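Below, each chain spelled out in residue letters.
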Amino acid sequence: DSGVTQTPKHLITATGQRVTLRCSPRSGDLSVYWYQQSLDQGLQFLIQYYNGEERAKGNILERFSAQQFPDLHSELNLSSLELGDSALYFCASSEDGTDTQYFGPGTRLTVL
Amino acid sequence: AQSVTQPDIHITVSEGASLELRCNYSYGATPYLFWYVQSPGQGLQLLLKYFSGDTLVQGIKGFEAEFKRSQSSFNLRKPSVHWSDAAEYFCAVGFNDYKLSFGAGTTVTVRA
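Residues numbered from 1 in each chain as written. Chains lettered and ligands numbered in written order. Predicted model: local features only at pLDDT ≥ 70, side-chain atom pairs only at ≥ 80, totals over all residues. Heavy atoms only, no water.

Engineer: Tell me what's going on with the interface of chain B and chain A, and back it up with residues and numbers.
Structural biologist: Counting residues at the interface gives 15 residues for chain B and 18 residues for chain A. Between chain B and chain A the total buried area reaches about 1300 Å² when both faces are included, carbon and sulfur atoms providing 62% of it. On inspection of chain B and its partner chain A, the count reaches zero salt bridges. Where chain B packs against chain A, one counts four residue pairs in polar contact (both at pLDDT 80 or more). Elements supplying a minimum of two residues to the side of chain B that touches chain A: β5 (32-38), β6 (44-50) and β11 (100-102) of chain B. Considered class by class, the residues forming the side of chain B that touches chain A number nine nonpolar, three polar and three charged. (Contact = heavy atoms within 4.5 Å. Buried area = accessible area lost by both parts, 1.4 Å probe. Salt bridge = Lys/Arg side-chain N within 4 Å of Asp/Glu carboxyl O. Polar contact = N/O pair within 3.5 Å; in protein donor to acceptor, adjacent residues only side chain to side chain. Helix = DSSP H or I, 4+ residues; strand = E, 2+ residues; numbered from the N terminus. Nonpolar A, V, L, I, M, F, W, Y, C, P; charged D, E, K, R; others polar.)

Engineer: So, the packing of aromatic side chains: which residues are in play, and what are the values?
Structural biologist: Under the defined criterion, the tally for this structure stands at 17 aromatic pairs over all chains. The interplanar angle of 80° and the centroid separation of 6.2 Å between the aromatic rings of F90 of chain A and F103 of chain A together place this pair among those described as edge-to-face. Residue F90 of chain A is found in strand β9 (residues 87-94), and its partner F103 of chain A is found in strand β10 (residues 102-103); the two are separated by 13 residues along the sequence. Given a relative accessible area of 3%, F103 of chain A falls into the buried group. With 4.7 Å between their ring centres and 25° between their planes, Y50 of chain B and F67 of chain B make a pair best called stacked. Here Y50 of chain B, found in strand β6, pairs with F67 of chain B, found in strand β8 (residues 64-68); they are 17 residues apart in sequence, far enough to count as distant. Among the residues examined, Y50 of chain B registers a relative accessible area of 4% and is labelled buried. Linked through ring pairs, Y35, F45, F90 and F103 of chain A together with Y32, F34, Y36, F51, F90 and F102 of chain B together constitute an aromatic cluster. (Phe/Tyr/Trp six-rings, centres within 6.5 Å; stacked < 30°, edge-to-face > 60°. Buried < 20%, exposed > 50% of the residue type's maximum accessible area, 1.4 Å probe, protein only.)

Engineer: Outline the side chain of S74 of chain A, supporting the account with residue identities and numerical values.
Structural biologist: Residue and element names in this part refer to chain A. Within the element layout of this structure, S74 appears in strand β8 (residues 74-78). On the basis of relative accessible area, S74 is assigned to the buried category, the value being 0%. There is a polar contact of 2.9 Å between the side chain of S74 and the backbone oxygen of Q67.

Engineer: Mind laying out the nonpolar core, listing which residues take part and the relevant values?
Structural biologist: As a rule of thumb, soluble globular proteins bury nonpolar side chains together. Residues and elements named next belong to chain B. Among the nonpolar cores identified, the biggest contains 27 residues, and W35, L48, L76 and Y89 are the most heavily contacted of them. Elements with a contribution of two residues or more to this core: β2 (10-14), β3 (19-21), β5, β6, β8, β9 (73-78), β10 (87-94) and β12 (106-111). With four residues, the single largest contributor to this core is β10. Among all residues touching L76, those that are not within four sequence positions of it are L19, E20, L21, W35, L47, L48, F63, E64, A65 and Y89. (Core = buried A, V, L, I, M, F, W, Y, C linked by side-chain atoms within 4.5 Å.)

Okay, here's the thing in structure tokens:
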């Protein structure tokens, strides 16, 4: 158990819908990262937050957004969902945004 | 372009035999290097990491990895595999911004 929690574990929804994935980092970690794992793209970095502020952006679609709250938990919002958004979404956290990342168990999103 | 390559998509090894998983990277400078393992339906667990110093790194579960600058490689090894080592293994690299880039992964099957 890495100490990073993600909810929900599974999410099934329809195209065009909007969902929110939640992540709680390890105690004391200030930085949160989001990754997408799909069969065709592999594991890809989406976005990083550090202490409430966006620090780095990767291959994140405009339909996706994230935020980190004062209690340091983070949410990833996915809107206008398409079939291709079906994937495993991982959250990771690190102490200060410059060191080892510890991953949560992931949220499996299925878009029908 | 920066990239991480895991040349072997799938490796089958007998229980008790040795295992070596290859990882090569293409970056302008030495990145930070990691190996993660993902068991079926699970999240990513950190096996080991290299930031600097001794090029032979010991990790959890009896794994070790060796960084070779001249070959831009960070190969993972285990002297004697157990059936529980069957999983998918990912090499990852981070650079100044610390967002991780992952290889495509190597699936390890352990036969009795």
